[in-house]
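Summary of the model geometry
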Amino acid sequence: ESEAFQFIDSYPSPIKRLRAIHEYLITSVSYAISNTTSRNAHTLIGPLIDKTGVCEGYAKAFKYLCERNEILCLVVTGEAISKIDGVKCCGQAFL
């Protein structure tokens, strides 16, 4: 977790931190092909500590890191999609 904070905190603006959160997760975390890969795959612990997770784990980790950086973030779920994040940063909304 502190590795993520150090990487993200090196960016001064909220929009750059948002991009850094995304970059950190896609370069540091492996997708868990099955639930047996990591018992924490569906939690934020999977991506942040175990470095492996599924969509739900990625979404929860992304939300946690956004909130830590005072960026509004919601986890969005649905039948046609897995879990993804909706973010509002610097007056702009992203999905």
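Inspection of the secondary structure puts N40 in the loop between β1 (30-31) and α3 (45-50). Not counting residues up to four positions away in its chain, the partners in contact with N40 are I45, G46 and D50.

Applying the stated criterion across every chain yields a total of zero disulfides. No disulfide involves C66; its nearest neighbouring cysteine sulfur is the one of C73, lying 4.3 Å away. C66 gets classed as buried once you look at its relative accessible area, which sits at 0%.

Another aspect to go through is the confidence of the model for the protein chain. Across the protein chain, the average pLDDT comes to 83, with 82% of residues at 70 or higher. By mean pLDDT, strand β4 (residues 84-89) is the weakest element of the protein chain at 70, and α3 is the strongest at 93.

Closest axis-to-axis distance for the helix α1 (residues 2-9)/helix α4 (residues 55-68) pair is 12 Å, and the angle between their directions is 55 degrees. The angle between α1 and α4 falls in the class oblique. The handedness of the crossing between α1 and α4 is right-handed. For the pair α1 and α4, contact is made by A4, F5, I8 and D9 and by Y64, L65 and R68, respectively. Taken together, the residues of the contact of α1 with α4 sort by class into five nonpolar, no polar and two charged.

Time to look at α4. With 14 residues, α4 should reach 20 Å at 1.5 Å per residue; the first-to-last C-alpha distance of 20 Å fits that figure. Taken residue by residue, α4 has G57, Y58, A59, A61, F62, L65 and C66 as its buried positions. Within two residues after α4, E70 carries a phi angle of roughly 55 degrees, on the positive side.

Conventions used here
Residues numbered from 1 in each chain as written. Predicted model: local features only at pLDDT ≥ 70, side-chain atom pairs only at ≥ 80, totals over all residues. Heavy atoms only, no water. Helix = DSSP H or I, 4+ residues; strand = E, 2+ residues; numbered from the N terminus. Contact = heavy atoms within 4.5 Å. Disulfide = S-S within 2.5 Å. Buried < 20%, exposed > 50% of the residue type's maximum accessible area, 1.4 Å probe, protein only. pLDDT = per-residue confidence, 0-100. Axes fitted to C-alpha atoms, helices over the stretch in contact; angles between N-to-C directions. Parallel < 35°, antiparallel > 145°, perpendicular 65-115°, else oblique. Left-handed = near helix turned anticlockwise from the far one by under 90°. Nonpolar A, V, L, I, M, F, W, Y, C, P; charged D, E, K, R; others polar. Expected span 1.5 Å × (residues − 1).

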